[in-house]
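Residues per chain, in single letters:
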Amino acid sequence: DTSIRTSGTLKSHYATQTPVVIGNIGELLGENESKKVGILSFQEFYPRIPSEYQRVLSPQGTLAEAAQNLFAAMRELDELDQELILTEKFPELGLGRAINDRLQRAAAR
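Residues numbered from 1 in each chain as written. Predicted model: local features only at pLDDT ≥ 70, side-chain atom pairs only at ≥ 80, totals over all residues. Heavy atoms only, no water.

Describing the packing of helix α2 (residues 63–78) against helix α3 (residues 95–107)
So, point 1. It is the contact of α2 with α3, at a shortest axis distance of 9 Å, that shows an interaxial angle of 20°. With respect to each other, α2 and α3 are oriented roughly parallel. By crossing handedness, the relation of α2 to α3 is classed as left-handed. Each of L63, A64, A66, A67, L70, F71 and M74 in α2 lies in contact with α3, whose residues at this interface are L95, G96, I99, R102, L103 and A106.
So, point 2. For the contact of α2 with α3, a count of residues per class yields 11 nonpolar, one polar and one charged. (Axes fitted to C-alpha atoms, helices over the stretch in contact; angles between N-to-C directions. Helix = DSSP H or I, 4+ residues; strand = E, 2+ residues; numbered from the N terminus. Parallel < 35°, antiparallel > 145°, perpendicular 65-115°, else oblique. Left-handed = near helix turned anticlockwise from the far one by under 90°. Contact = heavy atoms within 4.5 Å. Nonpolar A, V, L, I, M, F, W, Y, C, P; charged D, E, K, R; others polar.)

Quick look at the structure:
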C-alpha cells in the first residue's frame, strides 16, 4: 500500500474506544435501555440519563461552540467506561458538516 497516511485522513482516526452510534438519541436510548450509555448532544439534555454521562456541546445551539467542545467531550465520555456513546447528526451546514465528518470517523470501526 503506497497511499499516504496523514493524521486525520484515516477513517478511524477519531475513533473512541467506546463504540459511537449516530442517530436519533431518543430512539437510540429506547433501543439500548439495558446498556450503560454516554450521550453527546448538540443542545439537548436527557433527564433520564445522569448528567455525568452527558455532554451538551452547545446549549446556545451554535455550531462554532459545538465544534470547539467536540474532542474534549468525546475524550471525557470515552473515559467513563460506558458501553456506547450515543450522538446525533448535526445540521449539515458550515461547521456542522465537519462535526458530522468527525462523528462518522469516530463511529467507523
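Now that the structure is up, let's keep going.
Side note on the confidence of the model for the chain
Close inspection of predicted coordinates is inappropriate in any region flagged by low pLDDT.
So, point 1. Across the chain, the average pLDDT comes to 89, with 86% of residues at 70 or higher.
So, point 2. Confidence drops under pLDDT 50 across residues 6–12; counting only partners more than four residues distant or on other chains, this segment forms 11 contacts. (pLDDT = per-residue confidence, 0-100.)

Overview of the side chain of N32
So, point 1. Positionally, N32 belongs in the loop between α1 (25–31) and β2 (37–41).
So, point 2. A relative accessible area of 11% means that N32 is categorised as buried.
So, point 3. At 2.8 Å, the side chain of N32 and the backbone oxygen of L28 are in polar contact.
So, point 4. When neighbours within four sequence positions are excluded, N32 is seen to be in contact with V37, L84 and L86. (Buried < 20%, exposed > 50% of the residue type's maximum accessible area, 1.4 Å probe, protein only. Polar contact = N/O pair within 3.5 Å; in protein donor to acceptor, adjacent residues only side chain to side chain.)

With respect to the pairing of β2
So, point 1. Burial analysis of β2 places five of its five residues in the buried class, which makes it a mostly covered element.
So, point 2. Of the two faces of β2, the one carrying V37, I39 and S41 and the one carrying G38 and L40 are both buried.
So, point 3. Direction of pairing for β2 relative to strand β4 (residues 84–87): parallel, over a ladder of four bridges. What sits directly across from V37, in β4, is L84.
So, point 4. Both β2 and strand β3 (residues 54–56) contribute to a ladder of three bridges, which runs parallel. Its bridge partner being in β3, I39 is matched across the sheet by Q54. (Pairing = 2+ DSSP bridges.)

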